[in-house]
Amino acid sequence: MPQTKPIVSIENVVASASVDQRIDLNVITQTFPDVEYHPDQFPGLVFRIKSPKTATLIFSSGKMVCTGAKSEEQSIKAVRSVVQTLRKGGIKIKKDAVIVIQNMVASANLGGKIHLEQAARSLPRSMYEPEQFPGLIHRMLDPKTVILLFASGKLVCTGAKKESDVYRSVHNLHTLLEEKKLMIYES
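This one's a predicted model, so the numbers in the text were calculated from it and none came from an experiment.

On a plain count of helices and strands, the protein comes out with four helices and 12 strands. Seen through its C-alpha atoms, the protein measures out along the principal axes to roughly 60 × 30 × 25 Å. Here the protein, with 187 residues, has 39% of them falling under the buried criterion. The contacts in the protein between residues at least 6 apart in sequence include a share of 62% that link residues at least 24 apart. Within the structure as shown, the protein displays about 10,700 Å² of accessible surface, and the carbon and sulfur contribution to it stands at 54%. Put simply, the protein has 25 plus and 18 minus side-chain charges, and the middle of one group is 5 Å from the middle of the other.

Shown next, in the form of structure tokens:
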């Protein structure tokens, strides 16, 4: 059992969504002057909301990408809120959005320092080239995530599609580091 309990914080959740119909982005621009839309530079419209603080890209195909949420729940709430706001503004959207979480990025602190050189030698699917990047890159198979691990004991976990996978990834790696005696705790 690990000596410390990692402190995990979900930093960003990316969700894709579709309302399964075409949307006229120019009409949205006329109705909502705060949106960002530069079709000559990028085909999507940026629709920002304050709560939860997110940015949703809306494409004319009816597909959307929501970023900036700090949980699955917030991400889903944000997309629903955008669709509801569009409807209130007179944009006819027949169906509710079908929302799928695509990626989660989390940071964590394991509460101790790590021997990265030794970790690189003993952890499978790991890469450590300190001249190029100060962190060890560990590819976990189950759950399928990528973890950037730093000597300070801090890490970034990416690729999870569920919050439980973030916690499981961090726990699995922490346990593995402890078992291989790669954690250093200052007493």
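Our focus in this paragraph is the environment of L136. Its location among the elements puts L136 in strand 9 (residues 136-140). Its relative accessible area of 0% is what places L136 among the buried residues. Expressed as a C-alpha distance, the spacing of L136 and S126, which sit 10 residues apart in the sequence, is 6.7 Å.

The antiparallel open sheet is built from 10 strands, whose spatial order is 2-3-4-5-1-6-11-10-9-8. Looking along the sheet, the strands with just one partner apiece sit at the ends: strand 2 (36-37) and strand 8 (126-127). Pairing of strand 10 (residues 145-149) with strand 11 (residues 154-160), which is carried by four bridges, proceeds in the antiparallel orientation. Its bridge partner being in strand 11, L149 is matched across the sheet by L155. Contacts from helix 2 (residues 72-88) reach strand 1 (7-18), strand 3 (45-49), strand 4 (54-58), strand 5 (63-69) and strand 6 (98-109), with the element oriented near 130 degrees to strand 5.

Let us look at helix 2. For helix 2, spanning 17 residues, the distance from its first C-alpha to its last is 24 Å, which sits close to the expected 24 Å at 1.5 Å a residue. Inspection of helix 2 places S75, A78, V79, V82, V83 and L86 among the buried residues, and these make up the whole buried set. Within helix 2, the buried residues cover an arc of 125 degrees as seen down the axis, which keeps them to one side. Of the exposed residues in helix 2, the ones pointing more than 90 degrees away from its buried face are E73, R80 and K88. Buried-residue contacts for helix 2 involve strand 1, helix 1 (25-31), strand 3, strand 4, strand 5 and strand 6. Count one or two residues on from helix 2 and you reach G90, which has phi positive near 90 degrees.

Quick look at the domain arrangement of the protein now. When its domains are assigned, the protein resolves into domain 1 (15-101) and domain 2 (110-184). The gap between the C-alpha centroids of domain 1 and domain 2 is 35 Å.

Tallying each qualifying case throughout the model produces five salt bridges. A salt bridge links R168 to D165; its shortest N-O distance comes to 3.3 Å. Of this pair, R168 and D165 both sit in helix 4 (residues 163-179), three residues apart, which is roughly one turn of the helix. Taken together, the shared-partner salt bridges in this structure form one network comprising D142, D165 and R168.

Relative to the helices and strands, Q21 resides in the loop between strand 1 and helix 1. Note on Q21: relative accessible area 14%, which makes it buried. Reaching out from Q21, the side chain makes a polar contact with the backbone nitrogen of K94 at a distance of 3.0 Å. Not counting the four nearest positions on each side in its chain, Q21 is found in contact with S60, S61, G62, K92, I93, K94 and K95.

Thresholds applied
Position numbers for residues start from 1 in each chain and track the written sequence from start to end. Where totals are concerned, whole chains, interfaces and linings use all residues; where local detail is concerned, this predicted model gives features only for residues with pLDDT of at least 70, and gives and counts side-chain atom pairs only at 80 or more. Each side-chain value is worked out from all heavy atoms of the structure, with water and hydrogens disregarded. Labels follow the DSSP assignment, with helices taken as runs of H or I lasting at least four residues and strands as runs of E lasting at least two, numbered in each case from the N terminus. Only protein chains enter the calculation, and the probe is 1.4 Å; a residue is then buried if its accessible area is under 20% of its type maximum, exposed if over 50%, and partly exposed in between. A contact between two residues is defined here by any heavy atoms of the two lying within 4.5 Å. We get accessible surface area from the Shrake-Rupley algorithm with a probe of 1.4 Å; when it comes to residues, only the shown protein chains can shield them. The charge count treats Lys and Arg as positive and Asp and Glu as negative. His and the chain ends do not count. Charge positions come from single atoms, namely NZ of Lys, CZ of Arg, CG of Asp or CD of Glu. If DSSP finds at least two bridges between two strands, the strands pair. Note on geometry: axes are C-alpha line fits, over the in-contact stretch for helices, and angles between N-to-C directions span 0 to 180 degrees. By this rule, a helix spans an expected 1.5 Å times one less than how many residues it contains. The directions considered for the arc run from the helix axis to the C-beta atoms. Boundaries between domains were set according to an automatic or database domain assignment. Should a side-chain nitrogen of Lys or Arg be within 4 Å of a carboxyl oxygen of Asp or Glu, the pair is scored as a salt bridge. Polar contact is the term for a pair of N or O atoms within 3.5 Å; when the atoms are in protein, one must be able to donate a hydrogen and the other to accept it, and sequence-neighboring residues count only if both atoms are side-chain atoms.

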